[in-house]
Amino acid sequence: GTVDFIKGIDHNKLIWISEPDDGIFDAFNKGILLAKGEWVHFLNAGDIYMPFLDLSFVNFNINYDFICFSVLKRKKIDFVWKPKVSARFGFVNVAHSGLIVKKSFYDSSKKYLVELRYVSDSWFIWHHVHPDRAKIYSEILVDMEDGGFSTKLVWNHELEKQKLIFSTKARFHLKIF
């Protein structure tokens, strides 16, 4: 029903494509290339912006590459994922749907790795979203529906996640000690 939904939107600046791709992160990369604004945010299927959220307090003219917000994650027991600085590993632990990225950063850096089919968003955050380049807000930006693609408990997802965690810990271990 996604295509029918998009066709029903009357917005003259809406650009959309429907074509074969190499997964979600390939689609993200295609979206980045099409984006015309100064900032990019991905709102995935089933997720919504918090009703009545007023972002007038946010300074989008800042000299940061990332703006990080909290996310309401719907589970059996709902919880709020607040962005936190991981001092030990040197990145901001933020839910991907709470991350807004400056378009110029995407244009000048490695985007999402297509070969990481489940955890490329985590890879991107762990390798790029450093505290000195991020503005952090505690306000909730997105109400995230339970059951998204990367939250499904499947063997390949878990294996890829463990490989990413191991390689990241090894990289940080070598950097710290």
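Residues numbered from 1 in each chain as written. Predicted model: local features only at pLDDT ≥ 70, side-chain atom pairs only at ≥ 80, totals over all residues. Heavy atoms only, no water.

1. Focus on the overall build of the protein chain
Rule in force here: A run of DSSP states H or I qualifies as a helix once it reaches four residues; a run of E qualifies as a strand once it reaches two. Both are numbered from the N-terminal end. Residue burial is assigned from relative accessible area. The probe radius is 1.4 Å, only protein chains are included, and a residue is buried under 20% of its type maximum, exposed over 50%, and partly exposed in between. Whether two residues touch is decided by their heavy atoms; if any such pair falls within 4.5 Å, the residues are in contact. Surface accessibility follows the Shrake-Rupley procedure with a 1.4 Å probe radius. Residue values consider only the protein chains on display as shielding.
In terms of regular secondary structure, the protein chain is built from five helices and eight strands. Reading the helices (α) and strands (β) of the protein chain from amino to carboxyl end gives α-α-β-β-β-β-β-β-β-α-α-β-α. Buried positions account for 37% of the 177 residues belonging to the protein chain. Put simply, 74% of the contacts in the protein chain that link residues at least 6 apart link residues at least 24 apart. Here the protein chain has roughly 11100 Å² of accessible surface; of this, 57% comes from carbon and sulfur atoms.

2. Side note on the environment of L55
For L55, the location among the structural elements is in the loop between β2 (48-49) and β3 (66-73). For L55 and L141, which are 86 residues apart along the polypeptide, the C-alpha to C-alpha distance reads 9.0 Å. Not counting the four nearest positions on each side in its chain, L55 is found in contact with F60, F69 and L141.

3. Points about the pairing of β3
What counts is decided by this rule: Two strands qualify as a pair provided that DSSP identifies no fewer than 2 bridges between them.
Here β3 lies mainly inside the structure; eight of its eight residues are buried. Looking at chain direction, β3 and strand β7 (residues 99-102) are connected through three bridges and run antiparallel. Bridging across to β7, F66 finds its partner in V101. Here β3 runs beside strand β4 (residues 79-81); their pairing, made up of three bridges, is antiparallel.

4. Remarks on the nonpolar core
Cut-off, in case you're wondering: In this description, a nonpolar core means a group of buried Ala, Val, Leu, Ile, Met, Phe, Trp, Tyr and Cys residues linked to one another through side-chain atoms lying within 4.5 Å.
Counting 26 residues, the largest nonpolar core has F66, C68, L99, Y106, Y112, F124 and V129 as its most contacted members. It is helix α4 (residues 120-128) that provides the largest number of residues to this core, a total of four residues. Each residue touching F66, except ones within four places of it in the same chain, is listed here: W39, L99, I100, V101, F105, F124, H128, V129, H130, R133, A134 and K135. Listed in part, the twelve residues of the second largest apolar core include W39, V71, L141 and V142.

5. As for unusual backbone geometry
Residue F52 is not a glycine yet carries a positive backbone phi of 65 degrees. For F52, the position within the fold is in the loop between β2 and β3.

6. A word on the side chain of H96
Structurally, H96 is set in the loop between β6 (91-93) and β7. The class of H96 is buried, set by a relative accessible area of 10%. If we skip the residues at most four places from it in the chain, H96 touches F28, F42, Y112, D121 and I125.

7. Description of helix α2 (residues 24-34)
The periodicity of an α-helix, 3.6 residues per turn, causes residues three or four places apart in sequence to face the same way. Where we set the bar: The arc in question is traced by the directions running from the helix axis to the C-beta atoms.
For α2, every residue scored as buried is listed here: F25, D26, F28, N29 and I32. The buried residues of α2 occupy an angular sector of 155 degrees when the element is viewed end-on, so they sit on one face. Close packing links the buried residues of α2 with α3 (103-108) and α4.

8. Some words on the pairing of β7
Of the two faces of β7, the one holding L99 and V101 and the one holding I100 and K102 are both buried throughout. The pairing of strand β1 (residues 39-41) with β7 spans three bridges and is antiparallel. Bridged to H41 within β7 is I100.

9. Quick word on the pattern of salt bridges
As a reminder of what qualifies: A pairing counts as a salt bridge when a side-chain nitrogen of Lys or Arg comes within 4 Å of a carboxyl oxygen of Asp or Glu.
This structure, assessed with the given rule, holds six salt bridges. D22 is paired through a salt bridge with R117; the nearest N and O atoms lie 3.2 Å apart. With D22 in the loop between α1 (2-7) and α2 and R117 in the loop between α3 and α4, this pair connects stretches of sequence that are 95 residues apart. On the accessibility criterion, R117 (40% relative accessible area) is partly exposed.

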